Every structure is written in C-alpha cells, then in structure tokens.
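Results of the structural survey
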Amino acid sequence: MKILVTGATGYIGGSVAAKLLAAGHKVVGLTRSEDGAARLKALGIEPLVGSLISLDLLAEAARGVDAVINAANSDDPFAVEAILPVLEGTGKSFIHTSGSSIIADRGAGNASDLIFHEDTPHTSLPERQGRLAVEQLVLSYGQRGVRSCVIRPTLIYGAGLGLHKKSIQVPRMLDLAVSKGKALHIGAGENIWSNVHIDDVTDLYLLILAKAPPGSLFYAENGECSMRAVAQAISRLLGYGGKTESWPMAEALKEWGISAHATFASNSRVSALKARKMLDWKPKGVALLDDIENGSYRESLRA
C-alpha cells in the first residue's frame, strides 16, 4: 500500500512510518521544511513539503494514496476536514491519532479509581472538547464509505523509531529532575496514567490498518503507574536514591503551562481489552519503570 503519514518527522508519526516501511509499504511523509524532506528521503520516505494548513495539498495527496494516517495534531480539525471528503465512498483507510488525555481529570496529583473502556460514558474537560469533536467527525465517516478509525494512545515511552526519538512525558520529567537536582511530581503524585511502549503502539497502527472495521475506536495501553512511581524511577536512574519531592501546582503551571493540569497531575486510566480481543494485539514492550531505570532512558543519558 501507499500511505500518507502526517507528522512523519515526529515521535509517533515517524515511528509509524518506519514500521510501515519495514512491513513493505510505501510511505509519503508530510514535513514543513526542505531539511525535513531531505531527512525523510534518506529514510526511504517520499517527502511532501507542506503543513496542516496546506489543505489543497493534503487533499490532492490523499487522492493518490491507499490510506492516510494522521499523526500530526489531535486537535486540528482543518486537515481532517480537507482529507475525509476526498476519501468518501472509496473504502480507503483513515487512522486518526488522538490520546487518552481525552478522559483525563483534574486530579491535582491525587489518584482516581475510574478506568475507562471505549464505550464508557464520559464528559471531556473543556480543553479537550475540540479533540473529542475531531474524533467524532472522523468516526462518522465510517458510515460514509471510509474505513475511518481513531486510536487513543496513553503515556507513550521508549525510543522512537523515526527521526524524533523522544516522547513527551518521561523526557520532560527527566529533564526537570536534571535541572532541579531532584525528582519531582505534582502534589502527592498518586495520580495514575496507563502507559504503552512505542513499539507496541506502532504494531497496533498496522493491525488497525489491516483489520479494524470502519468507525472503530481503540485505546492503547499495556500497564499503568503513578507519576510518583515514575519520579522515583527517574530518581534512581539519576542516582538520587529514589527520593522525590512534591512540586506545587502553581510552580508547575509557571513552567509547564496547562499540561501541568491536563497531563502531569491528572489521571488517565484505560483498558485496551478491545484491541487485544478484536485485533489480536499482543503488546510485549519492556515495562515503563524498567525502561526508565535500565533501558532507553539510561541509554539516552549516555548519548
């Protein structure tokens, strides 16, 4: 298949593109710069120079491929609105990347007992309403001749397979610990996030591409842990003896902005049983805390 991947120079999109190439597919990768184009071309990816606001370019590119994977911006409706009508009635696949923060709370570092499945009723926080609307638009095209699907990864970790090697949450917490000389978590740090290794995420994309029915939504997770546990693992990695300190929300907001609330102090606990049963997804990546202390994050410090 020939597949258009937006976000091809990013962490998720680049990893998906690499896995697609390894599986024998041809990949067209969207990139904003000529430098990015050269780097993609060196990997065997056909570059498409433009951005998510290059709407005519995206529509034309979508006409010439067998499937589209949107891994650039979960909240941007414009690229989705440009591509989906082009695919209508073709039976082609469109896989949209969202995230499990769509069901996140404002836990302020406190734990929650709620665990969500794809069909669990919920009301997204105001800052995630736009993302939910984009998801609903994508899924609606499953009734309009597009094999449209949404994937909601949880906290992704591990070394990326493409040009961009770093995820968001763990590297940010690691960089914070290095800069402050101590590992920090917001509040009590008992808030819990499900998590999943990047290799397992890319495997799930390929399974969705091959087998998922139109209008499908999937979570991607393979375990969970508290942010305090992540901070403790970072502390041990850096030689701080596993000790951590609470970081006041006011300070975290100054440094990290809204993500302090929406990600690092929230709960996002989900089940990916649907992907395991429907698609026979079998995640096998190293566990998050082990990867921090003994795997890719230790290696990144040596680089």
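Since this is a predicted model, take the numbers as computed values, not measurements.

1. Some points on the environment of Gly 162
Looking at the element boundaries, Gly 162 is found in the loop between β7 (155-157) and α6 (169-180). Residue Gly 162 is classed as buried on the basis of its relative accessible area, which comes to 9%. Each C-alpha atom, one on Gly 162 and one on Asp 66, is 22 Å from the other, the two residues being 96 residues apart in sequence. Ignoring any residue separated from it by four or fewer positions in sequence, one finds Gly 162 in contact with Gly 14 and Ser 15.

2. Quick look at the sheet that holds strand β5 (residues 93-97)
Taken in spatial order, the seven strands make up an open sheet running β3-β2-β1-β4-β5-β6-β10, and their pairing is parallel. Looking along the sheet, the strands with just one partner apiece sit at the ends: β3 (46-49) and β10 (216-220). Within the sheet, the average angular offset between the axes of one strand and its neighbour, ignoring direction, is 20°. Two elements, β5 and strand β6 (residues 147-153), share five bridges in a ladder whose sense is parallel. Residue Ser 93 lies in a different strand from β6, and its bridge partner there is Arg 147. With respect to the sheet, helix α5 (residues 129-140) is in contact with β5, β6 and β10, its orientation differing from that of β6 by roughly 150°. Sheet strands in contact with helix α7 (residues 198-211) are β1 (2-6), β4 (67-70), β5, β6 and β10, and its direction is about 160° off that of β6.

3. Overview of the pairing of β6
Among the seven residues of β6, seven are classified as buried, and the element is accordingly described as predominantly covered. Here β6 shows two buried faces, one formed by Arg 147, Cys 149, Ile 151 and Pro 153 and the other by Ser 148, Val 150 and Arg 152. After leaving β5, the chain enters α5 and then returns to the sheet as β6, a path that is right-handed. Both β6 and β10 contribute to a ladder of five bridges, which runs parallel.

Cut-off values and rules
Residues numbered from 1 in each chain as written. Predicted model: local features only at pLDDT ≥ 70, side-chain atom pairs only at ≥ 80, totals over all residues. Heavy atoms only, no water. Helix = DSSP H or I, 4+ residues; strand = E, 2+ residues; numbered from the N terminus. Buried < 20%, exposed > 50% of the residue type's maximum accessible area, 1.4 Å probe, protein only. Contact = heavy atoms within 4.5 Å. Pairing = 2+ DSSP bridges. Axes fitted to C-alpha atoms, helices over the stretch in contact; angles between N-to-C directions. Right-handed = clockwise from strand over helix to strand, strands pointing away.

The quantities given are spatial measurements derived from coordinates; they are silent on function.
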